[in-house]
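Residues per chain are reported as follows:
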Amino acid sequence: RAKELGRNSYQFYAAAMNEFSLERLRLEKHLRNALERDEFILHYQPQVDLTTGEIVGMEALIRWQHPELGMVPPDQFIGLAEETGLIVPIGAWVMRTACAQNKAWQRSGLGNLRIAVNLSARQFAQENLVESVASVLAETGLAPQLLDIEITESIVMTDVEEAVNTLNAFKALGVKLSIDDFGTGYSSLSYLQRFPIDVLKIDRSFVADITEGADKGAIANAIIAMAHNLGIDVIAEGVETEAQCDTLSQNMCDQIQGYWFSRPVAAETIETMLQEKKTLPANLLRLRAPQR
Ligand code: C2E
Ligand code: MG
Ligand code: MG
Ligand code: MG
(Lines give C-alpha, C1' and ligand atoms only; values in the text may rest on other atoms or scores of the structure.)
(Ligands and ions follow the chains in the order given, each with its own letter.)
Protein backbone atom coordinates (compact mmCIF):
# COMPACT_ATOMS: atom_id res chain seq x y z
CA ARG A 1 0.00 0.00 0.00
CA ALA A 2 2.69 2.38 1.04
CA LYS A 3 4.78 1.27 -1.91
CA GLU A 4 1.89 1.85 -4.26
CA LEU A 5 1.25 5.26 -2.79
CA GLY A 6 4.91 6.06 -3.08
CA ARG A 7 4.94 5.07 -6.71
CA ASN A 8 1.80 7.04 -7.43
CA SER A 9 3.15 10.10 -5.82
CA TYR A 10 6.40 9.63 -7.68
CA GLN A 11 4.49 9.37 -10.93
CA PHE A 12 2.50 12.40 -9.99
CA TYR A 13 5.69 14.24 -9.16
CA ALA A 14 7.36 13.17 -12.40
CA ALA A 15 4.35 14.25 -14.41
CA ALA A 16 4.24 17.59 -12.64
CA MET A 17 7.98 18.06 -13.18
CA ASN A 18 7.57 17.19 -16.84
CA GLU A 19 4.77 19.61 -17.24
CA PHE A 20 6.78 22.18 -15.38
CA SER A 21 9.89 21.77 -17.52
CA LEU A 22 7.82 21.62 -20.69
CA GLU A 23 6.16 24.85 -19.67
CA ARG A 24 9.57 26.29 -18.91
CA LEU A 25 11.00 25.12 -22.22
CA ARG A 26 8.05 26.58 -24.06
CA LEU A 27 8.47 29.86 -22.25
CA GLU A 28 12.22 29.84 -22.89
CA LYS A 29 11.70 29.16 -26.58
CA HIS A 30 9.22 32.02 -26.78
CA LEU A 31 11.52 34.28 -24.80
CA ARG A 32 14.31 33.60 -27.30
CA ASN A 33 12.09 34.79 -30.14
CA ALA A 34 10.43 37.64 -28.31
CA LEU A 35 13.08 40.21 -29.20
CA GLU A 36 12.96 39.47 -32.96
CA ARG A 37 9.19 39.48 -32.85
CA ASP A 38 9.24 42.84 -31.16
CA GLU A 39 7.07 41.60 -28.29
CA PHE A 40 8.63 43.69 -25.52
CA ILE A 41 7.38 47.09 -24.54
CA LEU A 42 8.53 49.60 -21.96
CA HIS A 43 6.15 51.29 -19.61
CA TYR A 44 7.24 54.33 -17.67
CA GLN A 45 6.45 55.38 -14.12
CA PRO A 46 6.87 59.04 -13.15
CA GLN A 47 9.17 60.12 -10.32
CA VAL A 48 7.98 63.31 -8.68
CA ASP A 49 10.01 65.91 -6.82
CA LEU A 50 8.58 66.74 -3.40
CA THR A 51 10.00 70.28 -3.43
CA THR A 52 8.54 71.43 -6.76
CA GLY A 53 5.76 68.87 -7.21
CA GLU A 54 6.95 68.27 -10.79
CA ILE A 55 7.76 65.08 -12.66
CA VAL A 56 11.56 64.98 -12.83
CA GLY A 57 12.10 61.52 -14.21
CA MET A 58 10.65 58.12 -14.81
CA GLU A 59 11.58 54.49 -14.43
CA ALA A 60 11.48 52.26 -17.51
CA LEU A 61 9.76 48.94 -16.71
CA ILE A 62 9.65 46.11 -19.23
CA ARG A 63 6.53 44.13 -20.16
CA TRP A 64 6.16 41.20 -22.53
CA GLN A 65 3.22 41.29 -24.90
CA HIS A 66 2.87 37.53 -25.34
CA PRO A 67 0.65 36.46 -28.27
CA GLU A 68 -1.26 33.96 -26.09
CA LEU A 69 -0.63 34.97 -22.49
CA GLY A 70 -1.24 38.67 -22.99
CA MET A 71 0.75 41.28 -21.04
CA VAL A 72 3.31 39.38 -18.94
CA PRO A 73 4.83 41.31 -16.00
CA PRO A 74 8.63 41.26 -15.55
CA ASP A 75 8.55 39.17 -12.36
CA GLN A 76 7.32 36.27 -14.55
CA PHE A 77 10.19 36.26 -17.03
CA ILE A 78 13.19 38.29 -15.79
CA GLY A 79 14.30 35.31 -13.65
CA LEU A 80 14.27 32.96 -16.64
CA ALA A 81 15.96 35.59 -18.81
CA GLU A 82 18.63 35.89 -16.13
CA GLU A 83 19.20 32.10 -15.89
CA THR A 84 19.40 31.64 -19.65
CA GLY A 85 21.55 34.72 -20.25
CA LEU A 86 18.84 36.16 -22.48
CA ILE A 87 18.77 39.12 -20.11
CA VAL A 88 21.89 40.46 -21.84
CA PRO A 89 20.30 41.10 -25.28
CA ILE A 90 16.96 41.98 -23.64
CA GLY A 91 18.68 44.41 -21.28
CA ALA A 92 20.56 45.97 -24.18
CA TRP A 93 17.22 46.51 -25.95
CA VAL A 94 15.80 48.13 -22.78
CA MET A 95 18.79 50.46 -22.47
CA ARG A 96 18.64 51.54 -26.12
CA THR A 97 14.85 51.97 -26.17
CA ALA A 98 14.69 53.90 -22.87
CA CYS A 99 17.53 56.28 -23.80
CA ALA A 100 16.12 56.87 -27.31
CA GLN A 101 12.66 57.54 -25.85
CA ASN A 102 14.01 60.00 -23.30
CA LYS A 103 15.97 61.83 -26.00
CA ALA A 104 12.81 61.99 -28.15
CA TRP A 105 10.89 63.55 -25.25
CA GLN A 106 13.67 66.06 -24.75
CA ARG A 107 13.67 66.92 -28.49
CA SER A 108 9.93 67.56 -28.46
CA GLY A 109 10.37 70.06 -25.64
CA LEU A 110 8.92 67.97 -22.83
CA GLY A 111 11.87 68.71 -20.56
CA ASN A 112 15.21 67.39 -19.39
CA LEU A 113 13.95 64.34 -17.60
CA ARG A 114 15.93 61.54 -16.05
CA ILE A 115 15.30 58.01 -17.23
CA ALA A 116 15.94 55.15 -14.79
CA VAL A 117 16.89 51.72 -16.18
CA ASN A 118 17.10 48.53 -14.08
CA LEU A 119 20.16 46.30 -14.40
CA SER A 120 20.15 42.66 -13.33
CA ALA A 121 23.06 40.74 -11.78
CA ARG A 122 24.09 39.09 -15.02
CA GLN A 123 24.14 42.40 -16.86
CA PHE A 124 26.12 44.01 -14.09
CA ALA A 125 28.76 41.26 -14.37
CA GLN A 126 29.18 41.82 -18.12
CA GLU A 127 32.75 42.53 -19.18
CA ASN A 128 31.90 45.46 -21.48
CA LEU A 129 28.92 46.87 -19.58
CA VAL A 130 30.15 50.45 -19.13
CA GLU A 131 31.36 50.66 -22.75
CA SER A 132 28.04 49.37 -24.05
CA VAL A 133 26.14 51.97 -22.04
CA ALA A 134 28.53 54.65 -23.28
CA SER A 135 27.85 53.66 -26.88
CA VAL A 136 24.08 53.76 -26.34
CA LEU A 137 24.47 57.31 -24.99
CA ALA A 138 26.60 58.25 -28.00
CA GLU A 139 24.15 56.70 -30.48
CA THR A 140 21.04 58.24 -28.96
CA GLY A 141 22.65 61.57 -28.07
CA LEU A 142 21.28 61.40 -24.51
CA ALA A 143 23.32 63.34 -21.93
CA PRO A 144 24.81 60.89 -19.38
CA GLN A 145 23.38 62.78 -16.39
CA LEU A 146 19.87 62.06 -17.74
CA LEU A 147 20.42 58.31 -17.38
CA ASP A 148 19.97 56.73 -13.95
CA ILE A 149 21.12 53.15 -13.51
CA GLU A 150 19.29 51.11 -10.87
CA ILE A 151 20.94 48.15 -9.20
CA THR A 152 19.99 46.27 -6.06
CA GLU A 153 22.03 45.90 -2.89
CA SER A 154 22.52 42.19 -3.47
CA ILE A 155 24.13 42.89 -6.85
CA VAL A 156 26.73 45.27 -5.44
CA MET A 157 27.32 43.14 -2.33
CA THR A 158 28.18 39.98 -4.33
CA ASP A 159 31.66 41.26 -5.14
CA VAL A 160 32.24 44.59 -3.46
CA GLU A 161 35.65 45.32 -5.04
CA GLU A 162 34.38 44.61 -8.54
CA ALA A 163 31.20 46.60 -7.92
CA VAL A 164 33.18 49.63 -6.72
CA ASN A 165 35.24 49.49 -9.95
CA THR A 166 32.17 49.25 -12.18
CA LEU A 167 30.34 51.99 -10.29
CA ASN A 168 33.37 54.27 -10.47
CA ALA A 169 33.56 53.71 -14.23
CA PHE A 170 29.88 54.63 -14.51
CA LYS A 171 30.53 57.72 -12.40
CA ALA A 172 33.37 58.73 -14.72
CA LEU A 173 30.93 58.40 -17.63
CA GLY A 174 28.61 60.82 -15.80
CA VAL A 175 25.52 58.67 -15.32
CA LYS A 176 23.47 58.66 -12.09
CA LEU A 177 23.50 55.57 -9.88
CA SER A 178 20.68 54.33 -7.68
CA ILE A 179 20.32 51.49 -5.23
CA ASP A 180 16.92 49.87 -5.80
CA ASP A 181 14.73 48.17 -3.16
CA PHE A 182 16.97 49.63 -0.45
CA GLY A 183 16.60 48.13 3.01
CA THR A 184 15.71 44.62 1.84
CA GLY A 185 19.32 43.48 1.34
CA TYR A 186 22.30 43.24 3.61
CA SER A 187 24.52 46.13 2.66
CA SER A 188 26.33 47.55 5.63
CA LEU A 189 26.68 51.28 6.06
CA SER A 190 30.43 51.20 5.65
CA TYR A 191 30.04 49.68 2.19
CA LEU A 192 27.38 52.18 1.25
CA GLN A 193 29.93 54.90 1.83
CA ARG A 194 32.35 53.28 -0.60
CA PHE A 195 29.84 53.17 -3.45
CA PRO A 196 29.54 56.40 -5.47
CA ILE A 197 25.75 56.35 -5.24
CA ASP A 198 23.45 59.29 -6.05
CA VAL A 199 20.10 57.87 -4.94
CA LEU A 200 18.65 55.33 -2.53
CA LYS A 201 15.22 54.01 -3.42
CA ILE A 202 13.41 53.04 -0.21
CA ASP A 203 11.74 49.69 -0.76
CA ARG A 204 7.96 49.86 -0.83
CA SER A 205 7.62 47.55 2.19
CA PHE A 206 9.00 50.36 4.39
CA VAL A 207 6.84 52.94 2.65
CA ALA A 208 3.77 50.82 3.44
CA ASP A 209 4.75 51.00 7.13
CA ILE A 210 5.06 54.74 7.20
CA THR A 211 1.51 55.48 8.34
CA GLU A 212 0.91 52.14 10.15
CA GLY A 213 1.77 50.68 13.53
CA ALA A 214 3.58 51.95 16.59
CA ASP A 215 6.99 52.66 15.05
CA LYS A 216 5.42 54.47 12.11
CA GLY A 217 7.99 54.66 9.35
CA ALA A 218 10.99 54.31 11.65
CA ILE A 219 13.02 52.55 8.97
CA ALA A 220 12.03 54.89 6.15
CA ASN A 221 12.93 57.88 8.33
CA ALA A 222 16.26 56.35 9.32
CA ILE A 223 17.09 55.70 5.66
CA ILE A 224 16.23 59.30 4.72
CA ALA A 225 18.35 60.77 7.52
CA MET A 226 21.30 58.48 6.85
CA ALA A 227 21.22 59.05 3.07
CA HIS A 228 21.11 62.82 3.52
CA ASN A 229 24.08 62.68 5.89
CA LEU A 230 26.00 60.88 3.15
CA GLY A 231 24.88 63.42 0.53
CA ILE A 232 22.59 60.90 -1.16
CA ASP A 233 19.04 61.63 -2.41
CA VAL A 234 16.08 59.45 -1.53
CA ILE A 235 13.21 58.23 -3.68
CA ALA A 236 10.34 56.44 -1.96
CA GLU A 237 8.96 53.55 -4.03
CA GLY A 238 5.44 52.19 -3.96
CA VAL A 239 3.71 55.30 -2.61
CA GLU A 240 0.06 54.29 -2.76
CA THR A 241 -1.75 56.91 -0.67
CA GLU A 242 -1.86 60.64 -0.12
CA ALA A 243 -1.14 60.04 3.57
CA GLN A 244 2.10 58.23 2.72
CA CYS A 245 3.11 61.06 0.40
CA ASP A 246 2.34 63.62 3.08
CA THR A 247 4.42 61.83 5.71
CA LEU A 248 7.35 61.37 3.33
CA SER A 249 7.17 65.03 2.44
CA GLN A 250 7.23 66.06 6.10
CA ASN A 251 10.18 63.75 6.66
CA MET A 252 12.19 65.41 3.90
CA CYS A 253 12.15 62.59 1.37
CA ASP A 254 13.29 63.99 -2.02
CA GLN A 255 11.09 62.22 -4.55
CA ILE A 256 8.21 59.78 -4.71
CA GLN A 257 7.18 57.09 -7.17
CA GLY A 258 4.04 54.98 -6.87
CA TYR A 259 0.52 54.08 -7.92
CA TRP A 260 -0.92 57.07 -6.04
CA PHE A 261 0.64 59.57 -8.47
CA SER A 262 0.68 57.23 -11.45
CA ARG A 263 1.02 53.55 -12.33
CA PRO A 264 3.64 52.65 -14.93
CA VAL A 265 2.06 53.75 -18.22
CA ALA A 266 2.71 53.68 -21.97
CA ALA A 267 4.96 56.36 -23.50
CA GLU A 268 2.00 58.27 -24.98
CA THR A 269 0.39 58.63 -21.55
CA ILE A 270 3.65 60.05 -20.17
CA GLU A 271 3.60 62.61 -22.99
CA THR A 272 0.07 63.69 -22.07
CA MET A 273 1.03 63.96 -18.41
CA LEU A 274 4.03 66.12 -19.25
CA GLN A 275 2.04 68.31 -21.65
CA GLU A 276 -0.66 68.80 -19.05
CA LYS A 277 2.04 69.45 -16.44
CA LYS A 278 0.59 67.01 -13.96
CA THR A 279 1.99 67.98 -10.54
CA LEU A 280 1.54 67.18 -6.86
CA PRO A 281 -1.06 69.21 -4.95
CA ALA A 282 0.65 72.24 -3.36
CA ASN A 283 -0.30 71.20 0.18
CA LEU A 284 1.94 68.13 -0.12
CA LEU A 285 5.11 69.97 -1.05
CA ARG A 286 8.15 69.84 1.19
CA LEU A 287 9.33 72.81 3.25
CA ARG A 288 6.04 74.60 3.43
CA ALA A 289 4.83 76.49 6.52
CA PRO A 290 7.68 76.64 9.08
CA GLN A 291 5.44 75.53 11.99
CA ARG A 292 5.16 72.05 10.46
P1 C2E B 1 11.54 47.55 -9.37
O2 C2E B 1 12.69 48.00 -10.18
O3 C2E B 1 11.65 47.68 -7.90
O4 C2E B 1 10.30 48.36 -9.96
C5 C2E B 1 9.22 48.81 -9.18
C6 C2E B 1 8.06 47.85 -9.26
O7 C2E B 1 7.07 48.26 -8.33
C8 C2E B 1 7.38 47.83 -10.63
O9 C2E B 1 6.86 46.52 -10.84
C10 C2E B 1 6.23 48.81 -10.41
O11 C2E B 1 5.14 48.61 -11.29
C12 C2E B 1 5.85 48.47 -8.99
N13 C2E B 1 5.17 49.59 -8.34
C14 C2E B 1 5.31 50.91 -8.57
N15 C2E B 1 4.53 51.64 -7.75
C16 C2E B 1 3.87 50.77 -6.98
C17 C2E B 1 2.88 50.93 -5.93
O18 C2E B 1 2.49 52.02 -5.55
N19 C2E B 1 2.43 49.79 -5.34
C20 C2E B 1 2.86 48.55 -5.74
N21 C2E B 1 2.34 47.49 -5.12
N22 C2E B 1 3.78 48.37 -6.73
C23 C2E B 1 4.27 49.47 -7.33
P24 C2E B 1 7.06 45.78 -12.23
O25 C2E B 1 6.96 46.74 -13.36
O26 C2E B 1 6.17 44.59 -12.22
O27 C2E B 1 8.57 45.32 -12.15
C28 C2E B 1 8.98 44.39 -11.19
C29 C2E B 1 10.49 44.26 -11.16
O30 C2E B 1 10.96 43.68 -12.38
C31 C2E B 1 11.21 45.57 -11.04
O32 C2E B 1 11.21 46.00 -9.69
C33 C2E B 1 12.59 45.18 -11.52
O34 C2E B 1 13.31 44.53 -10.50
C35 C2E B 1 12.26 44.17 -12.60
N36 C2E B 1 12.34 44.84 -13.92
C37 C2E B 1 11.40 45.59 -14.55
N38 C2E B 1 11.87 46.04 -15.73
C39 C2E B 1 13.13 45.56 -15.86
C40 C2E B 1 14.15 45.69 -16.87
O41 C2E B 1 14.01 46.35 -17.89
N42 C2E B 1 15.34 45.04 -16.62
C43 C2E B 1 15.55 44.32 -15.48
N44 C2E B 1 16.74 43.73 -15.33
N45 C2E B 1 14.62 44.21 -14.52
C46 C2E B 1 13.43 44.82 -14.70
MG1 MG C 1 13.79 49.63 -10.19
MG1 MG D 1 12.38 48.79 -6.54
MG1 MG E 1 13.08 44.86 -7.62
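Up top is the structure.
Below: a short report on this structure. (Residues numbered from 1 in each chain as written. Chains lettered and ligands numbered in written order. Predicted model: local features only at pLDDT ≥ 70, side-chain atom pairs only at ≥ 80, totals over all residues. Heavy atoms only, no water.)

### Observations regarding the coordination of the magnesium ion (ligand 3)
Within the protein, Asp180 (OD), Asp181 (OD), Glu237 (OE) and Glu237 (OE) serve as the donor atoms for the magnesium ion (ligand 3), at 2.1 to 2.4 Å. The sequence pattern formed by the donor residues of the magnesium ion (ligand 3) is D-D-x55-E. Between the magnesium ion (ligand 3) and the magnesium ion (ligand 2), the interatomic distance is 4.0 Å, and Asp180 donates to each metal, bridging them. Of the residues examined, Asp180 reaches a relative accessible area of 7% and is grouped as buried. (Donors = N, O, S within 2.8 Å, 3.2 Å for Na, K, Ca; no water. Buried < 20%, exposed > 50% of the residue type's maximum accessible area, 1.4 Å probe, protein only.)

### So, the packing of helix H5 (residues 129-140) against helix H7 (residues 160-173)
In the contact formed by H5 and H7, the axes pass within 10 Å of each other and the chain directions differ by 20°. It follows that H5 is roughly parallel to H7 by the angle criterion. Two packed elements cross with a definite hand, and for H5 against H7 that hand is right-handed. Contacts between H5 and H7 involve Leu129, Val130, Val133, Ala134 and Leu137 from the first element and Thr166, Ala169, Phe170 and Leu173 from the second. Across the contact of H5 with H7, the residue classes break down as eight nonpolar, one polar and no charged. (Axes fitted to C-alpha atoms, helices over the stretch in contact; angles between N-to-C directions. Helix = DSSP H or I, 4+ residues; strand = E, 2+ residues; numbered from the N terminus. Parallel < 35°, antiparallel > 145°, perpendicular 65-115°, else oblique. Left-handed = near helix turned anticlockwise from the far one by under 90°. Contact = heavy atoms within 4.5 Å. Nonpolar A, V, L, I, M, F, W, Y, C, P; charged D, E, K, R; others polar.)

### Re the packing of aromatic side chains
Counted by the stated rule, this structure contains five aromatic pairs. Ring geometry for Phe40 and Phe77: centres 5.7 Å apart, planes at 35°, overall tilted. Residue Phe40 is located in strand E1 (residues 40-49), and its partner Phe77 is located in the loop between strand E3 (70-72) and helix H2 (78-84); the two are separated by 37 residues in the primary sequence. For Phe40, a relative accessible area of 4% gives the class buried. Ring centres 5.6 Å apart and planes at 75° place the aromatic pair Trp64 and Phe77 in the edge-to-face group. (Phe/Tyr/Trp six-rings, centres within 6.5 Å; stacked < 30°, edge-to-face > 60°.)

In short, shape yes, function no, at least from these values alone.
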